[in-house]
Amino acid sequence: DAGVTQSPTHLIKTRGQQVTLRCSPKSGHDTVSWYQQALGQGPQFIFQYYEEEERQRGNFPDRFSGHQFPNYSSELNVNALLLGDSALYLCASSGGGQGSEAFFGQGTRLTVV
Amino acid sequence: GNSVTQMEGPVTLSEEAFLTINCTYTATGYPSLFWYVQYPGEGLQLLLKATKADDKGSNKGFEATYRKETTSFHLEKGSVQVSDSAVYFCALRSGGSYIPTFGRGTSLIVHP
């Protein structure tokens, strides 16, 4: 079992550009959540996808958008990048039930210059 | 709203020392409580959890007891190892949400 995989592992973008991050959930999982982790901080919830719909959203601007595909994989898109968007972006998958454990990927380190 | 407060780090210990990382919370309803660990360059892993008052979660020698009266979920280990060096996150999930709320994390450094 490959677990949760994220790509790319690192990338550097320029202010104003757009970026797409990708996540493949653990086998058997149908729910994907995205988090932003700034240096020295805990993960902040961005949104969660289930059955290709955004089920819940955190306090992030509309520049952050996402998508879930029929195979349960997911993308996070960020438009009009700001320096403050530099962070580790974590994807977590779970079986969907409220009590189910979330498994995290290793994250994508985004640097905006 | 929900919030989690952890003690400031880094916590620096010698191998075989006793570890306590304090965590207190504010939540509506009756939350489930979690400790996650993040090793350098990796994502978060669930370390242990407790779903109701007085439950004790335990894993890999770590323990934490859900204390409703003090709204706390302190992490303890009797004898730490160098390999325990990591960042530890306390988190809660309240009944109405699928999403955990994380603390800021506490870095643990264990010296040989």
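Our structure's up above, just so we're on the same page.
Residues numbered from 1 in each chain as written. Chains lettered and ligands numbered in written order. Predicted model: local features only at pLDDT ≥ 70, side-chain atom pairs only at ≥ 80, totals over all residues. Heavy atoms only, no water.

Student: Got a minute to help me understand the sheet that holds strand 7 (residues 56-59) of chain B in this structure?
Tutor: Backbone-to-backbone hydrogen bonds join strands into a sheet, with any given pair of strands oriented parallel or antiparallel. Residue and element names in this part refer to chain B. The strand order across the open sheet formed by four strands is 3-9-8-7, and the pairing between neighbours is antiparallel. The strands lining the two open edges of the sheet, one partner per strand, are strand 3 (19-21) and strand 7. Going across the sheet, the axis of each strand differs from the next one's by a mean of 20°, ignoring polarity. (Pairing = 2+ DSSP bridges. Helix = DSSP H or I, 4+ residues; strand = E, 2+ residues; numbered from the N terminus. Axes fitted to C-alpha atoms, helices over the stretch in contact; angles between N-to-C directions.)

Student: Help me understand the state of the cysteines, please; the structure alone is not making it clear to me.
Tutor: Per the stated rule, a full pass over the model turns up two disulfides over all chains. Between the sulfur atoms of cysteine 23 of chain A and its disulfide mate cysteine 91 of chain A the distance is 1.8 Å. Disulfide cysteine 23 of chain A-cysteine 91 of chain A: torsion about the S-S bond near -60°, hence left-handed. Of this pair, cysteine 23 of chain A sits in strand 3 (residues 19-24) while cysteine 91 of chain A sits in strand 9 (residues 87-94), and the two are 68 residues apart along the sequence. Both residues of the pair, cysteine 23 of chain A and cysteine 91 of chain A, count as buried. Paired through a disulfide, cysteine 23 of chain B and cysteine 90 of chain B show a sulfur-sulfur distance of 2.0 Å. An S-S torsion of about -70° defines the bridge between cysteine 23 of chain B and cysteine 90 of chain B as left-handed. (Disulfide = S-S within 2.5 Å. Buried < 20%, exposed > 50% of the residue type's maximum accessible area, 1.4 Å probe, protein only.)

Student: Help me understand the nonpolar core in this model?
Tutor: Taken as a class, soluble globular proteins show a tendency for nonpolar side chains to be buried jointly. Residues Leu19, Trp35, Leu48, Phe73, Leu75 and Tyr88 of chain B are the most contacted members of the largest nonpolar core, which totals 26 residues. Setting aside its immediate chain neighbours within four residues, tyrosine 88 of chain B contacts Gln6, Ile21, Trp35, Tyr36, Val37, Leu47, Phe62, Leu75, Gly105, Thr106 and Leu108 of chain B. (Core = buried A, V, L, I, M, F, W, Y, C linked by side-chain atoms within 4.5 Å. Contact = heavy atoms within 4.5 Å.)

Student: Any chance you could explain the environment of proline 43 of chain A here in plain terms?
Tutor: Structurally, proline 43 of chain A is set in the loop between strand 4 (31-37) and strand 5 (44-50). For proline 43 of chain A, a relative accessible area of 3% puts it in the buried group. It is 22 Å that separates the C-alpha atoms of proline 43 of chain A and tyrosine 72 of chain A, two residues lying 29 residues apart in sequence. Apart from the residues lying within four places of it in its own chain, the contact partners of proline 43 of chain A are Tyr35, Gln36, Gln37 and Leu90 of chain A together with Leu44, Phe89 and Phe102 of chain B.

Student: Hey, could you run me through the interface of chain A and chain B in this one?
Tutor: Size of an interface, as often reported, equals the accessible area lost when the parts are brought together. Of the residues lining the interface, 22 residues belong to chain A; the matching set on chain B comes to 20 residues. Buried area between chain A and chain B, both sides added, is near 1600 Å², and the carbon and sulfur share of it is 50%. Across the contact surface, chain A and chain B share zero salt bridges. At the junction of chain A with chain B, the criterion picks out two residue pairs in polar contact (both at pLDDT 80 or more). The leading source of residues in the side of chain A that touches chain B is strand 4 of chain A, at three residues. Grouping the constituent residues of the side of chain A that touches chain B by class yields seven nonpolar, 13 polar and two charged. (Buried area = accessible area lost by both parts, 1.4 Å probe. Salt bridge = Lys/Arg side-chain N within 4 Å of Asp/Glu carboxyl O. Polar contact = N/O pair within 3.5 Å; in protein donor to acceptor, adjacent residues only side chain to side chain. Nonpolar A, V, L, I, M, F, W, Y, C, P; charged D, E, K, R; others polar.)

Student: I would appreciate a short explanation of the pattern of salt bridges in the present structure.
Tutor: Here the idea is simple: oppositely charged side chains can pair when their charged atoms come close. All names here are of chain A. Inspection of every chain in the model, using the stated rule, returns six salt bridges over all chains. Between arginine 57 and glutamate 54 there is a salt bridge, with its nearest N and O atoms 3.2 Å apart. A relative accessible area of 36% places glutamate 54 in the partly exposed class. Between aspartate 85 and arginine 63 there is a salt bridge whose closest N-O contact spans 2.9 Å. One end of the pair, aspartate 85, is in the loop between strand 8 (74-78) and strand 9; the other, arginine 63, is in the loop between strand 6 (53-57) and strand 7 (64-68), and 22 residues separate them in sequence. Here the two residues aspartate 85 and arginine 63 agree in accessibility, since each one is buried.

Student: In this structure, what is going on with the packing of aromatic side chains? I would like to understand it.
Tutor: The geometry of an aromatic ring pair is captured by the separation of the ring centres together with the interplanar angle, meaning the angle of the planes. Applying the stated criterion to the full structure yields 12 aromatic pairs over all chains. Measuring from ring centre to ring centre gives 5.8 Å for tyrosine 35 of chain A and phenylalanine 45 of chain A, while their planes differ by 65°; the resulting arrangement is edge-to-face. Here tyrosine 35 of chain A, found in strand 4, pairs with phenylalanine 45 of chain A, found in strand 5; they are 10 residues apart in sequence, far enough to count as distant. Relative accessible area serves as the criterion here: at 2%, tyrosine 35 of chain A is assigned to the buried category. When the ring of phenylalanine 104 of chain A is compared with that of phenylalanine 102 of chain B, the centres are 6.3 Å apart and the planes differ by 75°; the resulting orientation is edge-to-face. (Phe/Tyr/Trp six-rings, centres within 6.5 Å; stacked < 30°, edge-to-face > 60°.)

Note that all results are geometric; they support no functional claim without further evidence.
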